[in-house]
Amino acid sequence: MELIQNTADLSAYLAADEAIDHHHPVVREVAARLVAGVEDSYAYARAAYEFVRDAIPHSQDSGDMRVTWRASDVLEQGTGICHAKAHALAALLRAEDIPAALCYQRLADDDGHGHVVHGLIAVRFHGAWHRQDPRGNKPGVAARFSLDGERLAWVPDPRSNEMDYPVLYAEPHPVVLGVLKAAPDRPYLWKTLPTAL
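Residues numbered from 1 in each chain as written. Predicted model: local features only at pLDDT ≥ 70, side-chain atom pairs only at ≥ 80, totals over all residues. Heavy atoms only, no water.

**A closer look at the overall build of the protein**
Then comes step 1: From N to C terminus, the protein includes seven helices and six strands.
Then comes step 2: Starting at the N terminus, the α and β elements of the protein follow one another as β-α-α-α-α-α-β-β-β-β-β-α-α.
Then comes step 3: Whereas a compact globule of 197 residues would reach a radius of gyration of roughly 16 Å, the protein reaches 15 Å, a difference of no more than 12%.
Then comes step 4: Looking at the 197 residues of the protein, the share that counts as buried comes to 52%.
Then comes step 5: For the protein, the share of sequence-separated contacts (at least 6 apart) that also reach a separation of at least 24 residues comes to 64%.
Then comes step 6: Accessible surface, the protein as shown: approximately 8,900 Å² in total, 51% of it carbon and sulfur.
Then comes step 7: Here the protein contributes 19 positive and 27 negative side-chain charges, whose respective centroids are spaced 3 Å apart. (Helix = DSSP H or I, 4+ residues; strand = E, 2+ residues; numbered from the N terminus. Rg over C-alpha atoms; globule rule 2.2 N^0.38 Å. Buried < 20%, exposed > 50% of the residue type's maximum accessible area, 1.4 Å probe, protein only. Contact = heavy atoms within 4.5 Å. Areas by Shrake-Rupley, 256 points an atom, 1.4 Å probe, with all protein chains shown as cover. Lys, Arg positive; Asp, Glu negative; His and termini not counted. Charge placed at Lys NZ, Arg CZ, Asp CG, Glu CD.)

**Considerations on the pairing of strand β2 (residues 100-108)**
Then comes step 1: In terms of residue burial, β2 counts as a mostly covered element, since eight of its nine residues are buried.
Then comes step 2: Pairing of β2 with strand β3 (residues 115-125) involves nine bridges; the strand directions are antiparallel. Bridge pairing in β3 links C103 to L120.
Then comes step 3: Two elements, β2 and strand β5 (residues 163-164), share two bridges in a ladder whose sense is antiparallel. Within β5, the position partnered with R106 by the bridge is M163. (Pairing = 2+ DSSP bridges.)

**Focus: the packing of helix α1 (residues 25-35) against helix α5 (residues 82-95)**
Then comes step 1: Interhelical geometry of α1 versus α5 gives an angle of 65° and a closest axis separation of 9 Å. It follows that α1 is roughly perpendicular to α5 by the angle criterion. Between α1 and α5 lies a crossing whose hand is right-handed. Where α1 abuts α5, its residues V27, R28, V30, A31 and L34 lie against A91, L92 and A95. (Axes fitted to C-alpha atoms, helices over the stretch in contact; angles between N-to-C directions. Parallel < 35°, antiparallel > 145°, perpendicular 65-115°, else oblique. Left-handed = near helix turned anticlockwise from the far one by under 90°.)

**Structural notes on the nonpolar core**
Then comes step 1: Membership of the largest hydrophobic core comes to 51 residues, with the highest contact counts inside it found for F51, L75, L92, L93, L102, V123 and L189.
Then comes step 2: Mapped by element, the contributors of at least two residues to this core are α1, α2 (41-55), α4 (71-77), α5, β2, β3 and α6 (174-182).
Then comes step 3: Examining the composition of this core, we find that nine residues originate from one element, α5, more than from any other.
Then comes step 4: Contact partners of L93, with chain neighbours within four places excluded, come to Y44, A45, A48, I98, A100, I121 and V123.
Then comes step 5: Within the second largest apolar cluster, 11 residues are counted, among which are A12, Y13, A122 and L152. (Core = buried A, V, L, I, M, F, W, Y, C linked by side-chain atoms within 4.5 Å.)

**Some words on the sheet that holds β5**
Then comes step 1: With antiparallel pairing, the four strands of this open sheet are ordered in space as β4-β3-β2-β5. Because the sheet does not close on itself, it has two edges, and the strands there are β4 (128-132) and β5.
Then comes step 2: The pairing of β3 with β4 spans five bridges and is antiparallel. Among the inter-strand pairings, V123 is bridged to a residue of β4, identified as H130.
Then comes step 3: Relative to β3, α5 is tilted by about 10°, and along the sheet it contacts β2 and β3.

**Examining the environment of H173**
Then comes step 1: By the secondary structure assignment, H173 is in the loop between β6 (167-168) and α6.
Then comes step 2: The exposure class of H173 is buried, given its relative accessible area of 12%.
Then comes step 3: Along the sequence, H173 and V155 sit 18 residues apart, while their C-alpha atoms lie 21 Å from each other.
Then comes step 4: If sequence neighbours within four positions are ignored, H173 has contacts with Y104 and L197.

So this is what it looks like as structure tokens:
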């Protein structure tokens with residue numbers, strides 16, 4: 001699949017916004033801690049990915065009812081769904097001048113009776129975009145950081161009307177962000193998450 005930037009301006013994938021608030025002190029502190037232990041930007045990107053994947057529990061897996069959407073809140077509160085965790089990883093990458101995009105998949109929901117939009121990121125290295133899934137591993141999910149072929153949590157099955165969306169967004173998709181911001185808790189969020197983009 002060819003990934004398509006929603007803007008040709010690469011600097012847009014380094015910018016801060018209300019969700020990817022990489023100038024926030026919490027984001028800067030985590031980035032500084034992670035960068036201190038690595039030798040280059042590739043190692044930093046891997047460390048940031050593994051931190052968000054492993055140290056920030058997915059709220060559905062952990063049973064946390066809180067809804068986070070701003071990167072600094074995800075890092076400070078230590079919880080988030082896939083979209084929130086993608087915002088946090090994008091902020092950590094952009095904090096160290098590594099271009100990061102938000103991207104999405106349409107997957108069958110947990111009960112298999114509908115669909116839900118799943119959030120990922122893409123990181124730019126060596127002149128190309130590489131999708132990463134910081135959702136968090138669990139039984140049956142073994143995502144990992146890779147610039148040599150995708151190692152995502154799920155591969156969409158077209159027979160189940162699942163799909164990868166090819167667009168790389170510089171900012172969170174407005175439908176996704178609106179739903180996250182409006183949700184008072186995770187059960188409410190689960191009922192209002194978009195089924196398609």
